[in-house]
Structure formats: structure tokens, C-alpha cells
Amino acid sequence: MTAPSTSPDPSVHDAPYDLVGIGIGPFNLSLAALADSVPGFRSLFLDAKPAFSWHPGLLMEGTTLQVPFLADLVTMADPTSPWSYLNYLRHHERMFKFFFSERFHIPRREYDHYCRWVAERLPSCHFDAHVTALEWDEAAEAFAVVHRSAAGEQTRVLARQVVLGVGTDPVVPEPLRPLLTETHAGRVLHSADYRTHRARLGAASDVTVIGAGQSGAEVALDLLRHQDGDGEGGPYVRWLARTTAFAPMEYSKIGLEHFTPDYIRYFRALPEATRERLIEEQWQLYKGVSEETLGEIHDELYERTIGGGEPRAALHPGVEIVSAEPDGADGYVLTCRHGQEESLFEFRTSAIVSATGYAARRPDFLDTLDGLVDWDGKGRYQVDGDYRVALDPRVSGALYVQNAEMHTHGVSAPDLTLGAWRAAAILNAAAGRTVLPVAPRQAFTTFGAPQDAASVPERTVAAAAAPAATAVSGPAEIRR
Ligand SMILES: Cc1cc2nc3c(=O)[nH]c(=O)nc-3n(C[C@H](O)[C@H](O)[C@H](O)COP(=O)(O)OP(=O)(O)OC[C@H]3O[C@@H](n4cnc5c(N)ncnc54)[C@H](O)[C@@H]3O)c2cc1C
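None of these values were measured; they are calculated from a predicted model.

Participant: Help me get a handle on the packing of helix α6 (residues 214–224) against helix α10 (residues 291–305), residues and values and all.
Facilitator: Relative orientation of the contacting elements α6 and α10 amounts to 25°, with a least axis distance of 10 Å. In terms of axis orientation, α6 runs roughly parallel to α10. Between α6 and α10 the crossing geometry is left-handed. Across the interface between the two elements, Gln 214, Ala 217, Glu 218, Leu 221 and Leu 224 of α6 pack against Thr 293, Glu 296, Ile 297, Glu 300, Leu 301 and Arg 304 of α10.

In C-alpha cells form, the structure reads like this:
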């Protein structure tokens, strides 16, 4: 069952690491930072990039993290860690500046800089290490992680346990995919690349932004700000959304309790069909736009109407792209369907930014482990309470995932709020002991039926409900 080695002449490090993390985004970096304080625990974290960077295509000035700074890499699990955001500030002698700024939501560019500060100092973090294969080495009873540098140097390390933290991939609607070629570069793109092409888009005559999430809103706002106060200059901005409204993200204190360990525990125990329905229904917990950004867009548009002006912008919710064709003059004709009116319409635009989100993917390097991962019926990981992926029982090592478990753990999977908590849970499981206590109960809300209430047998409920139901007159369907 050992998968064939793909490394012709790898330099082999014999002693297995306790843990190897693949990918150094915020989630595995959090794990690296927490593991750093565990004596004798040998860990290594690998990333393909030359250095840490966090969503560089969307690091616009003025954008902020959407969670409080306390959701840094460590604080929610270990506020005494030297890798906290506050210690980063102290190190950079910026404590007073931060104190007087009185902000809970720090600039996104600063979060990136903070993470880079941590990644550069942790001896376990290695960049320019693209993982190309993950194998189970039966003889060594360990995973073999094969990685390659940009210069082509190949290395093979052994690990008793592996954590996947490879993030997600940009998603583009089907009609736009044929346009994602060199010919259309800088004119048709995913928002993940926005900053690279920002100057060109800002100078275009007409830009269409697709997607009513935070990224779509930030791109639309940024383009509006390319117009001057009278709306002159800069592009005409068209913002389209498939959702029926440009809706705010849920930010109420009680609503945010969906991002607690309590909710994860409740969600995991639900039947699969219920979990899938909930994820669809709860889109406003993870897909909407911050109220502040919506307000800023409104403010920009309002400015344009002072003195009887018309904003050079249009906002269209409830609209889906049907097709996108080059118009032969450096632009595109977009055909759209209005869902509620069931009508089609088309318009011309000179550039398209698809801010249509990201999705978890199965990394190529898992091909060498295929047959040993016990995928669910839909080809997804089966993930337990310790974030361990179900594997063939012949594999004695453990494989964990971060940010690929929304289907089993709920909407908090991609959210930074629970990042340190989840990393601590994985660290405890990987170390085989409680290195950091993780409190399971944190919310005021009781998500399931109350544990201390007397349970009522189902048939009692049915009997009690029957007379009332028959007493109701009206359409038959209300007695379902
Ligand atoms: C623009 C943007 C802003 C966001 N802002 C917030 C926010 O304010 N609050 C919030 O809660 N959430 C936010 N999120 C959601 C989420 O927190 C982030 O997407 C976060 O970066 C996810 O972290 P990650 O560690 O899973 O993956 P990533 O940050 O994507 O990192 C994955 C890493 O894996 C590496 N990798 C992949 N494959 C390999 C391989 N084969 N070998 C080696 N390395 C590999 C990549 O190079 C990459 O560095 C935001 C998302 C986006 C897109």
C-alpha cells in the first residue's frame, strides 16, 4: 500500500517530525506559533511562496480585518504567547499609537505585516517549499512529505502527523472561465488579483464587479473612489449580485455565537442533510458585506448627487451572468438574467472583476495518498472533533485539516475568530495531551434542546398536536 515515491533523488531526513504542516496561511501559522512553546515537540511548516503574504491582491489601504484584533494567531488560545498581536506592537514600539487609535478592527495590511513578523521568526516555518507529494511510508510508519524549491531542489521529510492548511481557491462563474486567459489578463479577473491590475481598472471607462460579498463591495468602493467628487474621471462602476439584496453580514453579539466551540459541537452532531441546509441558510453569517462598507458605498454615491448630479454607477441585485463575449473592441458584452423578473438583458463593459468567492479544493499532492483517505460520498474529508481526517485504518499516522471542514463543523471554518482555538485543539490531539486547555462552552445561546429539561417522547407530542391540527380550517398544506 505504500504509494510510489515521486522523488528521484530526495535528501531524506530520517527522524520523523511530530508534526508537519503544509501551507502557512493564518491557520497553520497559528498552529506553528502555539507549537513553538511546547518543549520537545518537533514541528515543521512548509509553504510554496517565497515569504508569508496574506491575500496580497486585496490589501487595499483603509480595509480592515473583520474580526477584532484578539483573533490574532494565538490570543484566543494562549494570551501569554510571545506571538500575540500586542507583543508585535510592543516589538515595533507602537503600543501608545495603537492605544490612542482605539480600534478593535486593525488594518488588513497590518495583520499581514504582523503574520509576516511571526512567520519570519518561527524556526519551524520554511518558505519556498512547494509540497508535491504526500505518501504513507509503511516501513517508517510515517508520512513522507516531498517538497520542491523554486530552484528545483527536492526534499523528503518524515512526519508522524500532518496538518493540511492549504487554504482555498478563487471561484469564477462558469460563463467567465473561457475569458481567464492571457489575452484578457487585467480586463477579466478574480478579485484575488485586483491590486495587481488596480491602476488599469481605475483608468478604464467602465468596470463591472460581480459578487455581493465583502470583496465585491471593497472593489466597487475602491473603483468609486477613483472618480473625483463630481463623479468625473475613473470608471463607470456597475455592481452585480446574484443574491436578492446587497445584504449586511450578521454582526449582532448573539448572532456571532455561531462562531463558538459550542456551535461547532452542536453542528457536528446534526444529520448531514440538516448541516447542508443550514450552511445554505446561514449565508449572511459568512457571505454578506460589513455594514460599514455598505455605508461607505452609499456615502460615495450620495456625494455624487449633490447639486443634482447623477452617480456614474449602478447597483443590480438579483442578477446572474448568463454569458460574456468579447465585443471586438477591447470590451465585453455581458448577458444577464434577472431572477425575479425572469428577464434577460445585456450591456457592454470594458472590464470584469469577479468577486465570487473561494472554495476548498483537494490538493494535487494528495494523489499519492489516494486510496488511503476515506472520503465522504461527495468526495470531501470526513473530519472528527479533533479535526482529524478519516483514513484507512492501516495508516497509523494522523492527518488533520484546517479550513476545509465547513460541511462537518459549520460556518466558522474559514473565520479567523476560531483559528487559535482550532489550532490548540489540533495541537492537543497531536501532542497526545492537553498542552492548552480549550474550553468547549463559551456561548450564552443553547443551540440544541436544553440538557436539563425533561425530554418528551415524540409520540406524546404527536398525540397532543393532533386535536389542535384538525381544529384548524383552511388550506390542507398547513396541517402537514
Ligand atoms: C481578502 C480576504 C479577506 C479576509 N478577511 C477575513 C477577515 O477579516 N476575518 C476572517 O475571519 N476571515 C477573513 N478571510 C477568510 C480567511 O480567514 C482567510 O481566507 C485565511 O487566509 C484562510 O487561511 P488559511 O490558512 O486557510 O489559507 P491561506 O491564507 O490561503 O494560506 C494557504 C497557504 O497554503 C500554501 N499552499 C497551498 N498549497 C501548497 C502546497 N502544495 N505546498 C506548499 N504550500 C502550499 C499557499 O501558498 C498559502 O500560503 C478573508 C479572506 C479573504 C480572501
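Structure's up, so let's keep going.
Participant: Which residues make up the packing of aromatic side chains, and what values do they have?
Facilitator: Enumeration according to the criterion identifies 21 aromatic pairs in this entry. Geometrically, the ring pair formed by Tyr 263 and Phe 447 is edge-to-face, given 4.8 Å between the ring centres and 70° between the ring planes. Remark: Phe 447 occurs in the loop between α12 (419–431) and α13 (458–471) and Tyr 263 occurs in helix α7 (residues 261–268); sequence separation between them is 184 residues. Since its relative accessible area comes to 2%, Tyr 263 is described here as buried. Ring geometry for Phe 345 against Phe 347: centres 6.3 Å apart, planes inclined by 25°, an arrangement best described as stacked. An aromatic cluster is built from Trp 54, Phe 69, Trp 83, Tyr 85, Tyr 88, Phe 98, Phe 104, Tyr 111, Tyr 114 and Trp 117, whose rings are joined through pairwise contacts. Across from the ring centre of Phe 27, 4.3 Å away, lies the NZ or CZ of Arg 422, which sits over that ring. Over the face of the ring belonging to Tyr 387 we find Arg 422, whose NZ or CZ atom lies 6.0 Å from the ring centre.

Participant: Residue-level account of the sheet that holds strand β19 (residues 398–401), with values.
Facilitator: The five strands are arranged β4-β3-β2-β8-β19 in an open sheet whose pairing can be described as parallel. The sheet is open, and its two edges are formed by β4 (125–126) and β19, each paired on a single side. Looking at chain direction, strand β2 (residues 19–22) and strand β3 (residues 43–46) are connected through four bridges and run parallel. Note on β3: the bridge partner recorded for Gly 21 is Phe 45. Its contacts with the sheet put helix α1 (residues 26–35) on β2, β3, β4 and β8 (161–164), and the angle it makes with β3 is roughly 155°.

Participant: Pulling in residues and values, what's your account of the side chain of Gln 402?
Facilitator: Topologically, Gln 402 is positioned in the loop between β19 and α11 (406–409). Since its relative accessible area comes to 2%, Gln 402 is described here as buried. Of the polar contacts made by the side chain of Gln 402, one reaches the side chain of Asn 28; its length is 3.0 Å.

Participant: Tell me about the site of the ligand, residues and numbers included.
Facilitator: Taken together, 29 residues lie around the ligand, and Asp 47, Trp 54, His 55, Gln 66 and Leu 416 are the ones closest in. Between the ligand and Pro 414 there is a distance of 3.0 Å, counted from an oxygen atom to a backbone nitrogen or oxygen. Within the complex, the protein chains bury 88% of what would otherwise be the 980 Å² of accessible surface of the ligand. When residues of the shell around the ligand are traced back to their parent elements, those giving at least two are α1 and β5 (130–137). The residue inventory of the shell around the ligand, partitioned by class, reads 16 nonpolar, eight polar and five charged.

Participant: So, the pairing of strand β11 (residues 206–210): which residues are in play, and what are the values?
Facilitator: Burial within β11 is extensive, with five of its five residues counted as buried. Where β11 lies against strand β12 (residues 236–240), five bridges are found, and the strand directions are parallel. Within the sheet, the bridge partner assigned to Ile 210 lies in β12 and is Leu 240. In this sheet, strand β17 (residues 351–354) lies alongside β11 in parallel orientation, the contact comprising four bridges. Following the sheet pairing, Ile 210 is matched in β17 by Ser 354.

Cut-offs used in this document
Residues numbered from 1 in each chain as written. Predicted model: local features only at pLDDT ≥ 70, side-chain atom pairs only at ≥ 80, totals over all residues. Heavy atoms only, no water. Axes fitted to C-alpha atoms, helices over the stretch in contact; angles between N-to-C directions. Helix = DSSP H or I, 4+ residues; strand = E, 2+ residues; numbered from the N terminus. Parallel < 35°, antiparallel > 145°, perpendicular 65-115°, else oblique. Left-handed = near helix turned anticlockwise from the far one by under 90°. Contact = heavy atoms within 4.5 Å. Phe/Tyr/Trp six-rings, centres within 6.5 Å; stacked < 30°, edge-to-face > 60°. Buried < 20%, exposed > 50% of the residue type's maximum accessible area, 1.4 Å probe, protein only. Lys NZ or Arg CZ within 6 Å of the ring centre and 35° of its normal. Pairing = 2+ DSSP bridges. Polar contact = N/O pair within 3.5 Å; in protein donor to acceptor, adjacent residues only side chain to side chain. Near = heavy atom within 4 Å. Areas by Shrake-Rupley, 256 points an atom, 1.4 Å probe, with all protein chains shown as cover. Nonpolar A, V, L, I, M, F, W, Y, C, P; charged D, E, K, R; others polar.

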